[in-house]
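Summary of the model geometry
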Amino acid sequence: MRDPRLTELADRLAGYSIDVRPGENVLIEVIGGDKELAKALVEAVAKRGGRPYVELADLSVRRTLLRHATREQIEEWAAFDLERMRRMHGYIGVRAGDNISELADVPEANMRLYEQLYVRPVHLERRVKATKWVVLRWPNASMAQLAGMSTEAFEDFYFRVCNLDYAMMDRAMEPLKALMERTDRVRITGPGTDLTFSIKGIGAKKCSGKRNIPDGEVFTAPVRDSVNGTITYNTPSNRGGFTFERIRFTFVNGRIVEADANDPERLNQILDTDEGARYIGEFSLGFNPHILHPMNDTLFDEKIAGSLHFTPGQAYEETDNGNRSSVHWDLVLIQRPEYGGGEVWFDGRLIRKDGRFVVPELEGLNPENLS
């Protein structure tokens, strides 16, 4: 018997998140996820009059493919999937895996080709810009282990987070979006962090379950050459199967001029993917009331209550600062007291301290008001 929470989630994704309309083509891409979810999504899309198309994939098979892929093969793969994506009005992406380090031994040169020749044209340029899309993780024992929870407890946490009342959250976000849109100078401080930049004229975007599940952030981007100072991230981040820790960037006129972590060489290889990888494409404040601690999964970690992320690489079209890259790497800094605290200032006004919004118009985004 299907878990009713799964049916609720599928209906939310097809309805609230991407608003499937009659006659629309929707690609459901499930990498390592549960087949029951895939079936529930097919039913939810069809129930709204959409035409569902499904791809089931396995991360270990993708690892083998990438280890042996040639440039010509990746180009052909991208051309094939790009044509398919052009025919889609909507996209639901489900990701799961038994091993977050599955891609750790894919040669860096192959990963770089994959990001440049496949990810950028198919997803960053076409799917993100031209379809209604939402992506999510699927809970399993591996994710529960990363979160330090039993599998059953993690599933309960997962559905509580994913089936949150995002419409209510959307309304509470409006004052922060408006404040970001009229802000010029931003300053971020905390342990190992003192960073300044401008967001003037960039705009802001609410994220309330329309693109990611779970969700809970408002993002913008810095003026490309305005970033100066240092940021030290305190949340691990897995990329290409390797977990980076204590990443630290120093900026001069927008560019990352120094980068350190537990593997500086590997870190700098990513930043050298292209010119845009050393500039920032996104700045966002996170506030999901149910996500409190990192679990080395970006879709969850970037929404942590009292967090921010400051993202090297590609800017989003909605808040475009002109930066172009095949990289878009959301790196998270948590500013709640147990993680060292910190402050966020807009135009000389303290708006968040130790992870809590401290101005009246933004207090609706504090955890007790969103739960």
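Above: the structure in question.
Quick summary incoming for the structure in this document. (Residues numbered from 1 in each chain as written. Predicted model: local features only at pLDDT ≥ 70, side-chain atom pairs only at ≥ 80, totals over all residues. Heavy atoms only, no water.)

Some details on the packing of aromatic side chains
Here is the rule we go by: When the centres of two rings from Phe, Tyr and Trp lie within 6.5 Å, Trp using its six-membered ring, the rings pair. Their planes under 30 degrees apart give stacked, over 60 give edge-to-face, and anything left gives tilted. Numbering goes from the N terminus for both helices and strands, where a helix is a DSSP run of H or I of at least four residues and a strand is a run of E of at least two. When accessible area is computed with a 1.4 Å probe and restricted to protein chains, residues below 20% of their type maximum are described as buried, those above 50% as exposed, and intermediate ones as partly exposed. Charges are assigned to positions over rings by a cutoff of 6 Å between ring centre and Lys NZ or Arg CZ, combined with an angular limit of 35 degrees from the ring normal.
For the structure shown, the criterion picks out 20 aromatic pairs. Aromatic side chains Phe-197 and Phe-283 sit 5.1 Å apart centroid to centroid with 75° between the ring planes, which places their arrangement in the edge-to-face category. Here Phe-283 lies in strand S15 (residues 280-286) and Phe-197 lies in strand S6 (residues 193-198), a separation of 86 residues in the sequence. Of the two residues, Phe-197 and Phe-283, both sit in the buried class. Judged by centre distance (6.2 Å) and plane angle (90°), the ring pair of Phe-249 and Phe-251 falls under edge-to-face. With respect to burial, Phe-249 and Phe-251 carry one shared label: buried. Lying across the ring of Tyr-16, Lys-210 places its NZ or CZ 4.1 Å from the centre.

Some remarks on helix H3 (residues 59-68)
The test is simple: The arc refers to the directions leading from the helix axis to the C-beta atoms. When checking whether two residues touch, look at their non-hydrogen atoms; a contact exists if any pair is within 4.5 Å.
Looking at H3, one finds that the buried residues are Arg-62, Arg-63 and Leu-66. Taken end-on, H3 shows its buried residues confined to a sector of 105°, consistent with a single buried face. Residues Val-61 and His-68 are exposed on H3 and point more than 90 degrees away from its buried face. Where H3 is buried, its residues contact strand S1 (25-31), strand S2 (51-57), helix H4 (71-86) and helix H5 (108-130).

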